[in-house]
Amino acid sequence: MKISNLVYVFSLLSLIMVWSCKKDAESAKVPSTVKFMVISDIHYFDPSLFTLPANTYFQGYLAADRKLIIESSAILKSVFASVQSEKPDFLLVPGDLTKDGEKLDHQAVATLFKGLSDKGIKVLVIPGNHDVSNSASFSYLQSAKTKVDNITATDFASIYSNCGYGTAIDRDPGSLSYVSEPVNGVWVMGIDACHYSPVSETAGSISDATLTWVKSIIAKSKTQNKLLISMMHHGMVEHFAGQSTLFPEYVISDWQNVSAILADLGLKVVFTGHYHAQDVVKKTSTSGFVFDIETGSTVTAPCPYRTVTLNTALKTLKVESKKITDVSYSTIPSGTSFQQYAQTYLGNGMKDISYYMLSMPPYSIPGAAIQALALDRIMANGFISHYAGDEIPSSADNADIQTVKTAIPSLGGALQGVWTDLTPVDNNLTIDLTSGAAISN
Ligand SMILES: [Fe+2]
């Protein structure tokens with residue numbers, strides 16, 4: 001070969017190498033903004049598993065609950081339409097995907113998620129306390145209550161292989177925790193704090209082995225210069241003063257220490273669910289901070305969802321919240337908006353649940369006393385306001401709180417805690433992930 005030809009070949013090869021390096025650099029480029037959405041506690045119950053009017057067993061279940069279970073499939077379809085129109089890069093769903101872990105429901109939900117991923121919206125899930133090895137998986141057809149198949153942890157990872165597990169870049173061998181990189185440079189760590197061995201429980205904790213794995217992922221995210229966000233079903237931080245005493249199953253065990261350890265290591269944000277409330281709290285540790293951004297349930301008023309914009313250069317998170325509005329189902333009367341229906345359903349449900357809670361230990365208040373002071377209504381109002389977020393008691397609410405404080409000081413104190421919104425604001429805020437400052441949008 002002539003020298004001139006050799007020079008030509010080398011020049012061509014160099015050009016090809018420069019081009020391919022440039023392509024690699026472009027494909028590894030971190031986008032300046034990343035948009036994702038969060039929906040939680042969707043509690044899907046497939047219409048093939050029940051008939052209406054609800055039979056006695058199903059009525060009993062619904063009466064002891066606060067969730068729009070009958071309408072869950074219509075609600076999910078409505079919020080998916082909103083997700084499709086917002087076109088986020090990915091969608092986070094931090095657990096309680098099903099009513100009670102029914103295999104058929106998981107399969108239906110995974111199929112619906114595939115509809116989103118087929119349109120370019122990646123879906124990442126983590127289990128909730130209802131999802132794995134649940135002993136309450138039943139159908140309610142005609143007059144019968146019949147056991148239906150539930151799923152194991154292995155089944156969960158397999159059914160949701162398209163929602164984080166199949167493309168995980170790391171998985172915790174001892175739980176359903178994993179890490180995914182849905183967008184270049186952004187890691188999502190799903191932390192599985194659920195108890196499901198041998199059967200599911202409401203409470204949650206991060207086991208020692210999983211905590212070691214979580215710490216290793218935080219360290220790796222730093223050395224590999226990845227922006228790390230995380231999600232978990234249970235609260236990592238208490239969402240109102242006294243929550244871990246009144247409702248210990250809704251915050252992970254030893255939350256004070258675990259959240260401080262992870263904040264010190266550099267975890268900045270965790271998206272949670274479980275308590276069905278729109279609430280953001282910030283835990284400050286010795287050398288760091290972590291925001292626990294809880295998203296309410298799509299099946300509990302106000303049926304919210306969140307849109308989050310991550311500015312990767314400024315390292316800020318802009319969180320915005322909306323309510324699901326466009327749902328039609330045979331149970332929703334014509335002329336009644338879905339939001340009105342959902343609020344009325346929750347109002348009635350919480351009053352009944354509050355009555356039951358007040359009549360049980362530790363308060364054990366006689367029914368006549370509950371009714372005389374309208375304690376069930378007062379408690380229900382507190383919870384409903386907490387679920388909506390940014391709760392500020394009116395003068396009438398403050399008078400109610402005072403009534404309870406005078407009659408039963410410990411209950412009044414608990415109610416004051418529910419009504420006291422810990423900083424920062426809950427629905428619309430921007431968080432500076434470097435300084436830890438949070439301001440209202
Ligand atoms: Fe839930």
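Here the residue numbering is sequential within each chain, running from 1 through the sequence in written order. The predicted nature of this model means local features are confined to residues of pLDDT at least 70 and side-chain atom pairs, given and counted, to a pLDDT of 80 or more, with totals for whole chains, interfaces and linings taken over all residues.

1. Topic: the nonpolar core
Here's step 1: By size, the foremost hydrophobic cluster in this structure holds 115 residues, and its most contacted members are Leu91, Leu92, Val123 and Val290.
Here's step 2: For this core, the leading source of residues is helix α12 (residues 375-388), giving eight residues.
Here's step 3: The domain boundaries here were taken from an automatic or database domain assignment. Counting contributing residues per domain, this core is built from domain 2 (33-327 + 428-440) and domain 3 (338-419), each supplying no fewer than three.
Here's step 4: Leaving out residues up to four positions away in the same chain, valine 290 has contacts with Met236, Ser259, Leu262, Ala263, Leu267, Lys268, Val269, Val270 and Lys283. In plain words, the nonpolar core is the set of buried Ala, Val, Leu, Ile, Met, Phe, Trp, Tyr and Cys residues that C-beta atoms within 7 Å link up. Here exposure depends only on C-beta density: within 10 Å of a residue's C-beta, 20 or more other C-beta atoms make it buried, 12 or fewer make it exposed, and intermediate numbers make it partly exposed, the C-beta atoms being placed from the backbone. Where helices and strands are cited, they refer to DSSP runs of H or I of at least four residues and of E of at least two residues respectively, numbered from the N terminus. Any residue pair is listed as a contact if its two C-beta atoms, each placed from the backbone, are within 7 Å.

2. Some remarks on the sheet that holds strand β16 (residues 438-440)
Here's step 1: Read across the sheet, seven strands follow the order β3-β2-β1-β13-β14-β15-β16 without closing on themselves; strand pairing throughout is mixed. Every other strand in the sheet has two partners, leaving β3 (122-125) and β16 as the edge strands with one partner each. With strand direction ignored, the average angle separating the axes of adjacent strands in the sheet is 20°.
Here's step 2: When DSSP finds two or more bridges between a pair of strands, those strands are recorded as paired. Relative to strand β13 (residues 304-311), strand β1 (residues 33-38) is paired through six bridges, and the arrangement is antiparallel. Axis definition: a line fit to C-alpha positions, over the contact stretch in the case of helices; interaxial angles, taken between N-to-C directions, run 0 to 180 degrees.

3. Observations concerning unusual backbone geometry
Here's step 1: Cis geometry marks the peptide bond from leucine 52 to proline 53; its omega dihedral reads 0°.
Here's step 2: On the secondary structure map, proline 53 appears in the loop between β1 and α2 (56-63).
Here's step 3: A cis amide bond links threonine 423 with the next residue in sequence, proline 424, at an omega value of 0°.
Here's step 4: Position of proline 424 relative to the elements: it lies in the loop between α14 (409-419) and β15 (429-432).
Here's step 5: A positive phi angle, near 65°, is found at histidine 276, a position not held by glycine.
Here's step 6: In this structure, histidine 276 sits in the loop between β10 (269-272) and β11 (279-284).
Here's step 7: Although it is not a glycine, lysine 315 adopts a positive phi angle of roughly 55°.
Here's step 8: Secondary-structure assignment places lysine 315 in the loop between β13 and β14 (316-323).
Here's step 9: Residue classification places lysine 315 among the partly exposed residues on the basis of 14 C-beta atoms within 10 Å.

4. Here's the deal with the packing of helix α10 (residues 338-359) against α12
Here's step 1: Contact pair α10 / α12: the axes reach a minimum separation of 8 Å and the direction vectors enclose 120°. Taken together, the axes of α10 and α12 lie oblique to each other. For the crossing formed where α10 meets α12, the hand is right-handed. Contacts from Leu346, Gly347, Met350, Lys351, Ser354, Tyr355 and Leu358 in α10 reach Leu375, Asp376, Arg377, Met379, Ala380, Phe383 and Ile384 in α12.
Here's step 2: In this count, Pro and Cys sit with the nonpolar residues alongside Ala, Val, Leu, Ile, Met, Phe, Trp and Tyr, while Asp, Glu, Lys and Arg are called charged and the others, Gly among them, polar. Its residues assigned to classes, the contact of α10 with α12 comprises nine nonpolar, two polar and three charged. Should an angle fall under 35 degrees it is called roughly parallel, over 145 degrees roughly antiparallel, and 65 to 115 degrees roughly perpendicular, with every other angle called oblique. Here a crossing is taken to be left-handed if its near helix is turned anticlockwise relative to the far helix by less than a right angle, and right-handed if that turn runs clockwise.

5. With respect to helix α4 (residues 103-117)
Here's step 1: What a helix is expected to span follows from its residue count: subtract one and scale by 1.5 Å. In this model α4 runs 21 Å from its N-terminal to its C-terminal C-alpha over 15 residues, within 8% of the 21 Å that 1.5 Å per residue would give.
Here's step 2: Turning to α4, its buried residues number three or more, namely Asp105, His106, Ala108, Val109 and Phe113. With its buried residues spanning 165° around the axis, α4 presents them on a single face.
Here's step 3: In this fold, the buried residues of α4 make contact with β3, α5 (153-159) and α6 (161-165). What the arc covers is the set of directions going from the helix axis to the C-beta atoms.

6. Structural notes on the environment of aspartate 352
Here's step 1: On the secondary structure map, aspartate 352 appears in helix α10.
Here's step 2: Sequence-wise, aspartate 352 and isoleucine 39 are 313 residues apart; in three dimensions their C-alpha atoms are separated by 27 Å.

7. What to know about the pairing of β14
Here's step 1: Examined bridge by bridge, β13 and β14 share eight bridges and lie antiparallel to one another. Note on β14: the bridge partner recorded for valine 308 is valine 319.
Here's step 2: Hairpin connection, β13 to β14: the antiparallel pair is bridged by four residues, and lysine 315 has positive phi, about 55°.
Here's step 3: Of the strand pairs in this sheet, β14 and β15 are connected by four bridges, and their pairing is antiparallel. Its bridge partner lying in β15, lysine 318 is registered against threonine 430.

8. Focus: the packing of helix α7 (residues 208-223) against helix α9 (residues 255-265)
Here's step 1: At a closest axis distance of 10 Å, the pairing of α7 and α9 adopts a crossing angle of 20°. When the interaxial angle is binned, α7 and α9 end up roughly parallel. When the axes of α7 and α9 are compared, the crossing they make is right-handed. Across from Leu211, Val214, Lys215 and Ile218 in α7, the residues of α9 making contact are Val258, Leu262 and Leu265.

9. Details of the confidence of the model for the protein
Here's step 1: How sure the predictor is of each residue is captured by pLDDT, a score from 0 to 100. Averaged over every residue, the pLDDT of the protein is 94; the share at 70 or more is 94%.
Here's step 2: Scored below 50 in pLDDT, residues 18-26 shows zero contacts in the model against residues more than four places distant or in partner chains.

10. Focus: the pairing of β1
Here's step 1: Bridging between β1 and strand β2 (residues 90-93) involves three bridges; their strand directions are parallel. Residue pairing for β2: valine 38 is matched across the bridge by leucine 92.

11. Observations regarding α14
Here's step 1: Of the residues making up α14, those classed as buried are Ala414, Leu415, Val418 and Trp419. For α14, the angular spread of the buried residues around the axis is 140°, confining them to a single face. In α14, those exposed residues whose orientation departs by more than 90 degrees from the buried face are Pro409 and Ser410.
Here's step 2: Buried residues along α14 sit against α8 (243-246), α12 and α13 (395-407).

12. Section: the sheet that holds β11
Note on sheets: strands pair through backbone hydrogen bonds, and any given pair is parallel or antiparallel.
Here's step 1: Ordered in space as β6-β7-β8-β9-β10-β12-β11, the seven strands form an open sheet in which the pairing is mixed. Pairing within the sheet leaves two strands with one partner each, and these edge strands are β6 (170-171) and β11.
Here's step 2: Two elements, strand β8 (residues 186-191) and strand β9 (residues 227-232), share six bridges in a ladder whose sense is parallel. Note on β9: the bridge partner recorded for tryptophan 187 is leucine 228.
Here's step 3: Here α7 sits on the sheet in contact with β6, β7 (178-183), β8 and β9, set at roughly 175° to β8.
Here's step 4: Helix-sheet contacts for α9 involve β11 and β12 (289-294), and the interaxial angle to β12 is about 120°.

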